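Single-letter residue listing:
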Amino acid sequence: MEVTETRPNIYLPQIARITDVRDETPDTKTFVFRLREDPAHQAFTWRPGQFVELSVFGLGEAPFGFASSPTRKQNFEITIRAVGALTAALHGMGPGDEVGIRGPLGNHFPCDEVRGRNILFIGGGIGLPPLRSLIHNMLDERDKFGDITILYGARTPTDLVYKQELKQWEQRGDIRFMVTVDRSEPGWQGNVGMVPTLFPKADVKPDGTVAYICGPPVMIRFVIQDLVSMGFADDNIISTLERHMKCGVGKCNHCCIGHKYVCRDGPVFSYQQMKGLLE
Amino acid sequence: MSRALRLEKDRWREWLAALQKGATVVAPVRLHGDDVAFERIDSPGQATLDFCNTQDSPKRFLFPQVEPMLRYRRNGGYEVNPIYDQEKRVLFGIRCCDVSAVRFMDLALGVEDLPDTYYSLRRANTALIALACDQPCGDSFCVCADTGPFLSSGGGYDIQLTDLGDHYLAEVDTERGEALVAAASALFTSASDEDLARRQELDAQAERSFPREPRLYFAASSRKVSLDNVDEDLWRRMAHWCVSCGGCTHICPTCYCFNVTDAQVNGDGLRSRRWDSCQYSGLTREASGHNPRPEQLHRLKRRIFHKMSYQYVARDGMQGCVGCGRCIRVCPGIRLGITEVGEGIRRAEWK
């Protein structure tokens, strides 16, 4: 007589195993995950810009964006800085250890929708990982897009993530890649200055270009202002909003901005959409 | 569908006894003094229908203050098992504002494309028997919120009872309501045309007897809140009276913010959710320490926006405030019941 639950439980995590951990910076690591149950792993896919709620059992859940592309779908990667209790515990884990995964959650970066357009990526610090998911996706379908420019900045050379990969990007002939740091360190011979100082050097032009920005909120704010004054249309500026996303499915009300839920309506928003949000 | 039946007043507890055979009955119980609250009842004698409104709404029977979600255990690898409450319940004697609040929760949490697993399961096993209000109660202003004093067909109840002196009119509005009647069909006879006419009279009479205060003139205050046309200094002066206790949100029948926590219980891990509040600074605080709603004025603004804005009406399909008036009574800062805040916004005045 009782009604029993037949739909999938939106709060039930799947178990994933860590298969590899790579150090990125003194406080940031990239974790490679694989769902423990093989059929689930085979069926698992996502879009760049989406995120998961990751459980460290005993400590709870926190949201993290995918750092790898569904076009390289062997396993999935998440780059995580140790900031609080949960991320500190995660940094103590290694291959074979298990976590819970709910997702993929949220909307995604426009990708197929911008075929043929020029693409500009602007990443700051730990904001590069979610962009990397889309960068890999676009590089794997390179002929479908126009010019691709990647500008990346971090506080110091030590704080740059994916150091080996950045060198490969520098050497590729089919993209333009530039990196800068706020403060130099001994041995650094590259650019010094905030990310916007790269705009003239990279010859950034708004025509037919879609810009993707991810980084600390203050950087996003300044970069958007610069792009707007350069003539970028509001709906060609794409970024992500950061809030404390607890449930990830638009129920718990932790991540609301006005009546929008960053976890369901976002985390990806165009500048045009951001301007309409009431805090 | 709607069918009108008559239930003799001295026999409603017999009906409760019949309902108890198929479900847990949750009904208003007199605790001490004049306090009446919803409790699980063991015998029909515990229940009362002689009250204005209950201290709190029956929200916790659909959305418990602490609700276990799943257990996890490390057995080599992790095993995770959800915990489901599949108890069949009848919520008996709910006032119209609270029935409307359940209708709101159905929309907000049970939204069709992604239903909240735990809420929708409890809700699917819960029947609502409403008790129409033949007089205004305490601080309520349901008449402003269009959630009372009586509900019409489609208002969310399975059965609505109206006190007609020596008997009740029972308006049966759903198939589930029909099943509740069928549990004791011998107690019910057809209602007369006079019964229906008397119900209309009582409804109109109750609407006319609402006092001038408290009232909430939603049209003006909602417009200002929706358009962000409220001066920040006004929010600040109003929020000055807030002690961040969260009482207004916990007592509110439509508030559903929650947090999720893990704990160890008897060696197993237990993940639970518990009521949270937009009046707490921790709701939006991020791991970095950054808080997008740093001051109490931002949090008061948030509460009022979720209750009153057109944006949320469009999102949820219904206004978040059902006019029960409980936040007026519970506020220890005295002044932050939604009517006084709403009036402050409407008049752009706060002394």
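Residue positions are counted from 1 within each chain, in the order its sequence is given. Each chain takes a letter, starting from A, and each ligand takes a number, starting from 1, following the order in which they are written. For a predicted model such as this one, the threshold for reporting local features is a pLDDT of at least 70, and the threshold for listing and counting side-chain atom pairs is 80 or more; totals across whole chains, interfaces and linings nevertheless cover every residue.

## So, the overall build of chain B
Thought 1: Helix numbering and strand numbering both begin at the N terminus, where a helix is a DSSP run of H or I of at least 4 residues and a strand a DSSP run of E of at least 2. Helix and strand counts for chain B stand at 13 helices and twelve strands.
Thought 2: When we talk radius of gyration, it's over C-alpha atoms, and the globule rule is simply 2.2 Å times the number of residues to the 0.38. Taking 20 Å as the expected radius of gyration for a compact globule of 351 residues, we find that chain B reaches 22 Å, a close match to that expectation.
Thought 3: Its C-alpha atoms put chain B at 65 × 65 × 40 Å along the principal axes.
Thought 4: Once C-beta atoms are placed from the backbone, each residue is buried if 20 or more other C-beta atoms lie within 10 Å of its own, exposed if 12 or fewer, and partly exposed for counts between those two. Buried positions account for 44% of the 351 residues belonging to chain B.
Thought 5: What counts as a contact is two residues whose backbone-derived C-beta atoms lie within 7 Å of each other. For chain B, contacts bridging at least 24 residues in sequence account for 72% of all contacts bridging at least 6.

## Quick look at the sheet that holds strand β6 (residues 98-105) of chain A
All names here are of chain A.
Thought 1: Note on pairing: DSSP must find at least two bridges between two strands before they are called paired. In space, the six strands of this open sheet follow the order β4-β3-β6-β1-β2-β5, with antiparallel pairing throughout. Each having just a single partner strand, β4 (60-65) and β5 (76-81) make up the two edges of the open sheet. Averaged over all neighbouring strand pairs, the angle between strand axes comes to 40°, with direction disregarded.
Thought 2: Sheet topology places strand β2 (residues 28-35) next to β5; six bridges connect them, and they run antiparallel. In the strand pairing of β5, T28 is matched with R81. Each axis is a line fitted through C-alpha atoms, and for a helix only the stretch in contact is used; angles between axes span 0 to 180 degrees, taken between their N-to-C directions.

## Examining the domain arrangement of chain A
Residues and elements named next belong to chain A.
Thought 1: Under the domain assignment used here, chain A contains domain 1 (14-105) and domain 2 (112-240).
Thought 2: Boundaries between domains were set according to an automatic or database domain assignment. Using only C-alpha atoms to locate each centre, domain 1 and domain 2 end up separated by 24 Å.
Thought 3: Facing 16 residues of domain 1, the contacting portion of domain 2 comprises 13 residues.
Thought 4: Looking at the side of domain 1 that touches domain 2, the elements with two or more residues in it are β1 (14-25) and β5.
Thought 5: Residue composition of the side of domain 1 that touches domain 2, by class: five nonpolar, eight polar and three charged. Note on residue categories: nonpolar means Ala, Val, Leu, Ile, Met, Phe, Trp, Tyr, Cys or Pro, charged means Asp, Glu, Lys or Arg, and polar means any other residue, Gly included.

## What to know about helix α13 (residues 338-347) of chain B
Residues and elements named next belong to chain B.
Thought 1: Burial analysis of α13 places seven of its ten residues in the buried class, which makes it a mostly covered element.
Thought 2: Here α13 has its buried residues at I338, T339, E340, V341, G342, G344 and I345.
Thought 3: If you follow the buried residues of α13, they end up packed against α7 (218-226), α8 (232-239), α10 (296-308) and α12 (326-330).
Thought 4: Phi for A348, located one or two positions after α13, is positive at around 50°.

## Looking at the domain arrangement of chain B
All names here are of chain B.
Thought 1: For chain B, the domain assignment lists domain 1 (3-208) and domain 2 (218-347).
Thought 2: Between the C-alpha centres of domain 1 and domain 2 there is a distance of 26 Å.
Thought 3: Opposite the 32 residues of domain 1 that make contact, domain 2 presents 26 residues.
Thought 4: Residue assignment for the side of domain 1 that touches domain 2 shows that the elements contributing at least two residues are β4 (66-75), α2 (96-109) and α4 (142-145).

## Comments concerning the sheet that holds strand β9 (residues 167-172) of chain B
Residue and element names in this part refer to chain B.
Thought 1: Overall, mixed pairing links the eight strands, which are arranged β3-β2-β6-β7-β8-β9-β1-β10 in an open sheet. Either end of the sheet is taken by a strand with one partner, and the two such strands are β3 (36-40) and β10 (188-190). The average angle at which neighbouring strand axes cross in this sheet is 30°, direction not considered.
Thought 2: Where strand β8 (residues 159-163) and β9 come together, five bridges link them in antiparallel fashion. Note on β9: the bridge partner recorded for T162 is L169.
Thought 3: Here α2 sits on the sheet in contact with β6 (89-95) and β7 (126-131), set at roughly 130° to β6.

## Topic: the confidence of the model for chain A
Thought 1: Known as pLDDT, the predictor's confidence for each residue is given on a scale from 0 to 100. Per-residue confidence for chain A gives a mean pLDDT of 94, with 98% of residues at or over 70.
Thought 2: Confidence, expressed as mean pLDDT per element, reaches its minimum in chain A at helix α5 (residues 198-202) of chain A with 92 and its maximum at β2 of chain A with 98.

## Brief notes about the interface of chain A and chain B
Thought 1: Contact with chain A, which involves 36 residues of that partner, is made by 40 residues of chain B.
Thought 2: Contributing elements (two or more residues each) for the side of chain A that touches chain B: β4 and β6 of chain A.
Thought 3: In terms of residue class, the side of chain A that touches chain B is made up of 14 nonpolar, twelve polar and ten charged.

## What to know about the environment of A263 of chain B
Thought 1: Its place among the elements puts A263 of chain B in strand β11 (residues 258-265).
Thought 2: Along the backbone, A263 of chain B and R71 of chain B are 192 residues apart, and their C-alpha atoms lie at a distance of 9.7 Å.

## Side note on the packing of α8 of chain B against α10 of chain B
Two packed helices can be described by the angle between their axes and the distance between those axes.
All names here are of chain B.
Thought 1: For the pair α8 and α10, interaxial distance at closest approach is 8 Å and the crossing angle is 95°. Considering the angle they form, α8 stands roughly perpendicular to α10. Two secondary-structure elements touch here, α8 through E232, W235, R236, M238 and A239 and α10 through Q296, L297, L300 and K301.
Thought 2: Within the contact of α8 with α10, the residues separate by chemical class into five nonpolar, one polar and three charged. Every angle not falling under 35 degrees, over 145, or within 65 to 115 is termed oblique; those three ranges are roughly parallel, roughly antiparallel and roughly perpendicular.

## With respect to unusual backbone geometry
Peptide bonds are mostly trans, and most non-glycine residues show a negative phi.
Thought 1: Going from G148 of chain B to P149 of chain B, the amide bond is cis rather than trans, its omega being 5°.
Thought 2: Relative to the assigned elements, P149 of chain B resides in the loop between α4 and β8.
Thought 3: The omega angle of the peptide bond from E213 of chain B to P214 of chain B is -5°, so this bond is cis rather than trans.
Thought 4: We note that Y162 of chain A has phi near 55°; this positive angle belongs to a residue other than glycine.

## Looking at the nonpolar core
Thought 1: Take the buried Ala, Val, Leu, Ile, Met, Phe, Trp, Tyr and Cys residues, join any whose C-beta atoms are within 7 Å, and the set you get is a nonpolar core. If you look at the biggest cluster of nonpolar residues, it comprises 156 residues, and the most contacted ones within it are A211 and Y212 of chain A together with V90, I129 and A130 of chain B.
Thought 2: Filtering out sequence-adjacent residues up to four positions away, A130 of chain B remains in contact with I94, C96, V99, L151, Y157, I159, Q160 and L161 of chain B.

## Topic: the pairing of β6 of chain A
Residue and element names in this part refer to chain A.
Thought 1: Counting buried positions along β6 gives seven out of eight residues, so the element sits mostly inside the fold.
Thought 2: Relative to β6, β1 runs antiparallel, the two sharing four bridges. Among the inter-strand pairings, A16 is bridged to a residue of β6, identified as V99.
Thought 3: Across four bridges, strand β3 (residues 51-56) lies against β6 in antiparallel orientation. Bridge pairing in β6 links F51 to L105.

## Remarks on the environment of R176 of chain A
Residue and element names in this part refer to chain A.
Thought 1: If you trace the backbone, R176 turns up in strand β9 (residues 176-181).
Thought 2: Judged by the 18 C-beta atoms lying within 10 Å of it, R176 is partly exposed.
Thought 3: Contact partners of R176, with chain neighbours within four places excluded, come to T149 and A202.

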